[in-house]
Amino acid sequence: MNNKINDSQLIKRLLSDAKRITNVDLQLILEKAEKISSMFNSGPLNNVYKYGQLLIALIKDYYSGNYRQISWVSVAISVAALLYILDPIDIFPDFLPIIGQIDDLAVVGLAVRFIKEELDRYEMWCNRNIDVIDV
C-alpha cells in the first residue's frame, strides 16, 4: 500500500511539474545533459540507462527542430522527469545512499510509461536516420 501512495505522489508531482515546463527548462536540460547522462551510468538509474539517453536525445532533437513528431505534453513530461533527477532534494533526498535514487528511477520509469509509444517512434526515427547523421 505504501508503494501505491509513493507512486501516486510521484505521478502527481511529475504531471504537475510537466504543466510548468518552458523552453528555459529545455535549455537547462541541454546545458546539464552530460551530468544527467552520467547519473544514468551508476546506481539504480543504470537500470533505465537506455531510456535516460533516449530522453536526453529526444529533448535535444526537439529543441533543435530536428524532430517534432511528438506532443508538447510528452516533451514536457520528459523534461520534468530529467529535472526531477537533477534535484538533490526530492521525495527521497539523493544524499541517502540507494534510496535517494529509487524515487528518481521511479519518476523516469513513470515518464517512459506515459510516453512509451512516442518514445518508441522517436527511437525508430533515430535508427532510420543514424546513417544520414553519421555520414
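This text gives an overview of the structure that appears in the document. In this text the structure is predicted, and so the values were computed from the model without any measurement. (Residues numbered from 1 in each chain as written. Predicted model: local features only at pLDDT ≥ 70, side-chain atom pairs only at ≥ 80, totals over all residues. Heavy atoms only, no water.)

1. Considering the overall build of the protein
1) Next: Helix and strand content of the protein: six helices and zero strands.
2) Next: Along the protein, from the amino end to the carboxyl end, the secondary structure elements read α-α-α-α-α-α.
3) Next: Counting all 135 residues of the protein, 42% fall into the buried class.
4) Next: Within the protein, contacts between residues at least 6 apart in sequence are counted, and of these 71% link residues at least 24 apart.
5) Next: Surface accessibility of the protein: about 7700 Å² in total, with carbon and sulfur atoms responsible for 57%. (Helix = DSSP H or I, 4+ residues; strand = E, 2+ residues; numbered from the N terminus. Buried < 20%, exposed > 50% of the residue type's maximum accessible area, 1.4 Å probe, protein only. Contact = heavy atoms within 4.5 Å. Areas by Shrake-Rupley, 256 points an atom, 1.4 Å probe, with all protein chains shown as cover.)

2. Things to note about the packing of helix α4 (residues 49–64) against helix α5 (residues 72–86)
1) Next: Packing of α4 against α5 brings their axes to within 10 Å, and their N-to-C directions diverge by 130°. Overall, the two elements α4 and α5 adopt an arrangement that is oblique. Crossing of α4 over α5 shows left-handed handedness. Side by side, α4 and α5 meet where Leu55, Ile56, Leu58, Ile59 and Tyr62 of the first sit next to Trp72, Val75, Ser78, Val79 and Leu82 of the second.
2) Next: When its residues are assigned to classes, the contact of α4 with α5 shows nine nonpolar, one polar and no charged. (Axes fitted to C-alpha atoms, helices over the stretch in contact; angles between N-to-C directions. Parallel < 35°, antiparallel > 145°, perpendicular 65-115°, else oblique. Left-handed = near helix turned anticlockwise from the far one by under 90°. Nonpolar A, V, L, I, M, F, W, Y, C, P; charged D, E, K, R; others polar.)

3. Notes on the side chain of Asp25
1) Next: Tracing the backbone through its elements, the reader meets Asp25 in helix α2 (residues 23–31).
2) Next: Buried and unpaired, Asp25 has Arg20 as its nearest opposite-charge partner, separated by 7.9 Å.
3) Next: There is a polar contact of 2.8 Å between the side chain of Asp25 and the backbone nitrogen of Thr22.
4) Next: Excluding its chain neighbours within four sequence positions, the residues that come into contact with Asp25 are Arg20, Val79 and Leu83. (Lys, Arg positive; Asp, Glu negative; His and termini not counted. Salt bridge = Lys/Arg side-chain N within 4 Å of Asp/Glu carboxyl O. Polar contact = N/O pair within 3.5 Å; in protein donor to acceptor, adjacent residues only side chain to side chain.)

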